[in-house]
Amino acid sequence: MTTAGNEPTGAPSRLEARPEVGKVIVSEPELQARIAELGTRITEDYAGRPPLLVGVLKGAFMFMSDLSRAIDLPAEIDFMAVSSYGSATRTSGVVRIVKDLDVDLLDRDVLVVEDIVDSGLTLSYLQRYLLARRPASLEVCALLVKEGQQRTTLDLRYVGFHIPAEFVVGYGLDVDERLRNIKAIHAYAGPAS
Ligand code: 5GP
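A brief structural summary. (Residues numbered from 1 in each chain as written. Predicted model: local features only at pLDDT ≥ 70, side-chain atom pairs only at ≥ 80, totals over all residues. Heavy atoms only, no water.)

**With respect to unusual backbone geometry**
Each neighbour pair has its own omega, and for leucine 57 with lysine 58 the value is -5°, a cis peptide bond. Its place among the elements puts lysine 58 in the loop between strand 2 (52-57) and helix 2 (61-70). In this model, aspartate 176 sits at a positive phi of 50°, which is unusual for a non-glycine residue. The residue aspartate 176 is located in the loop between strand 8 (168-169) and strand 9 (185-188) in this model. Judged by its relative accessible area of 54%, aspartate 176 is exposed. Backbone geometry at glutamate 177 places phi at a positive 75°, although glycine is not the residue there. Looking at the element boundaries, glutamate 177 is found in the loop between strand 8 and strand 9. (Helix = DSSP H or I, 4+ residues; strand = E, 2+ residues; numbered from the N terminus. Buried < 20%, exposed > 50% of the residue type's maximum accessible area, 1.4 Å probe, protein only.)

**Comments concerning the packing of aromatic side chains**
Under the counting rule described, the total for this entry stands at 2 aromatic pairs. A centroid spacing of 6.4 Å and a plane angle of 15° characterise the contact between tyrosine 125 and tyrosine 129, whose relative ring orientation is stacked. Here tyrosine 125 and its partner tyrosine 129 are both found in helix 3 (residues 121-131), 4 residues apart, which amounts to about one turn of the helix. Looking at tyrosine 125, the relative accessible area reads 26%, which means it is partly exposed. The class for tyrosine 129 is partly exposed, based on a relative accessible area of 23%. Residues phenylalanine 167 and tyrosine 188 carry aromatic rings whose centres are separated by 6.0 Å and whose planes lie at 75° to one another, so their mutual orientation is edge-to-face. Taken as a pair, phenylalanine 167 in the loop between strand 7 (158-163) and strand 8 and tyrosine 188 in strand 9 lie far apart in primary sequence, 21 residues in all. Judged by its relative accessible area of 17%, tyrosine 188 falls in the buried class. (Phe/Tyr/Trp six-rings, centres within 6.5 Å; stacked < 30°, edge-to-face > 60°.)

**Section: the side chain of glutamate 139**
One can find glutamate 139 in strand 6 (residues 137-146). Beyond its immediate stretch of four places on either side in the chain, glutamate 139 contacts Tyr46, Val110, Leu111, Val112, Asp155 and Arg157. (Contact = heavy atoms within 4.5 Å.)

**Concerning the nonpolar core**
Core analysis: the largest hydrophobic core is formed by 26 residues, its most contacted members being Phe63, Leu67, Leu144 and Ile185. Of all elements in the fold, only strand 1 (21-26), helix 1 (28-45), helix 2, strand 5 (109-117), strand 6, strand 7 and strand 9 reach the threshold of two or more residues within this core. Among the elements that line this core, the one with the most residues is helix 1, at 4 residues. Look past the residues within four positions of leucine 144 in its chain and what remains in contact with it is Val26, Asp115, Ile116, Val117, Phe161, Ile163, Val168, Leu173 and Ile185. Counting residues in hydrophobic clusters, the runner-up holds 20 residues, among them Leu52, Leu101, Val110 and Val159. (Core = buried A, V, L, I, M, F, W, Y, C linked by side-chain atoms within 4.5 Å.)

**Things to note about the pattern of salt bridges**
One pass over the structure, following the stated rule, counts 16 salt bridges. For glutamate 37, the salt bridge is made with arginine 34, and the minimal N-O distance between the two is 2.7 Å. Here the residue glutamate 37 and the residue arginine 34 both occupy positions in helix 1, the gap between them amounting to 3 residues, near one helical turn. A residue is classified by how much of its surface remains accessible, and glutamate 37, at 45% relative accessible area, is partly exposed. One connected set of salt bridges, linked through shared partners, spans Lys58, Asp174, Glu177 and Arg180. (Salt bridge = Lys/Arg side-chain N within 4 Å of Asp/Glu carboxyl O.)

What follows is the structure in structure tokens.
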């Protein structure tokens, strides 16, 4: 296999250079370094009781992909999809389960893998929903937490980064289903919706 022409140049890709894509908030190397650290901690904490990783679609798909490979345990992986009612950039806290889990949570050590916590209302709802299925334990690994925005008390066992309270895109996070496939986390510089 040849890699000629695919080496990183450091220049922004065409996608990153779009006017709606703002400054880098968390770079690709920062993401990868932190995810490696989280993976090591989770591997130590869950030694002897491999977790069931529950990803929240769609935003967490890329984080789940990298985090799961940083965990050196026979973890299981499942996904659920939720949609929050509210405007495009602000959640209302009322959550609809669009896709439920395929596996039983009873007596499992469940680790929820979440992309971003803003008000915390989505996660708070999800925790109550999952706890009702009587797992042995339920913890959360959130890649991003927006500073000063939480409207509920949350126990977040693992956090990747605390970021300023602005709307971000990339690394799984979208605006109107676009820009998820940017490699880093960027501020959204497009028109306010
Ligand atoms: P919360 O319920 O904590 O206010 O919002 C959580 C959900 O809102 C996240 O899972 C994500 O889907 C969406 N969200 C919150 N902040 C952002 C953001 O800055 N960018 C994007 N793309 N989605 C966000």
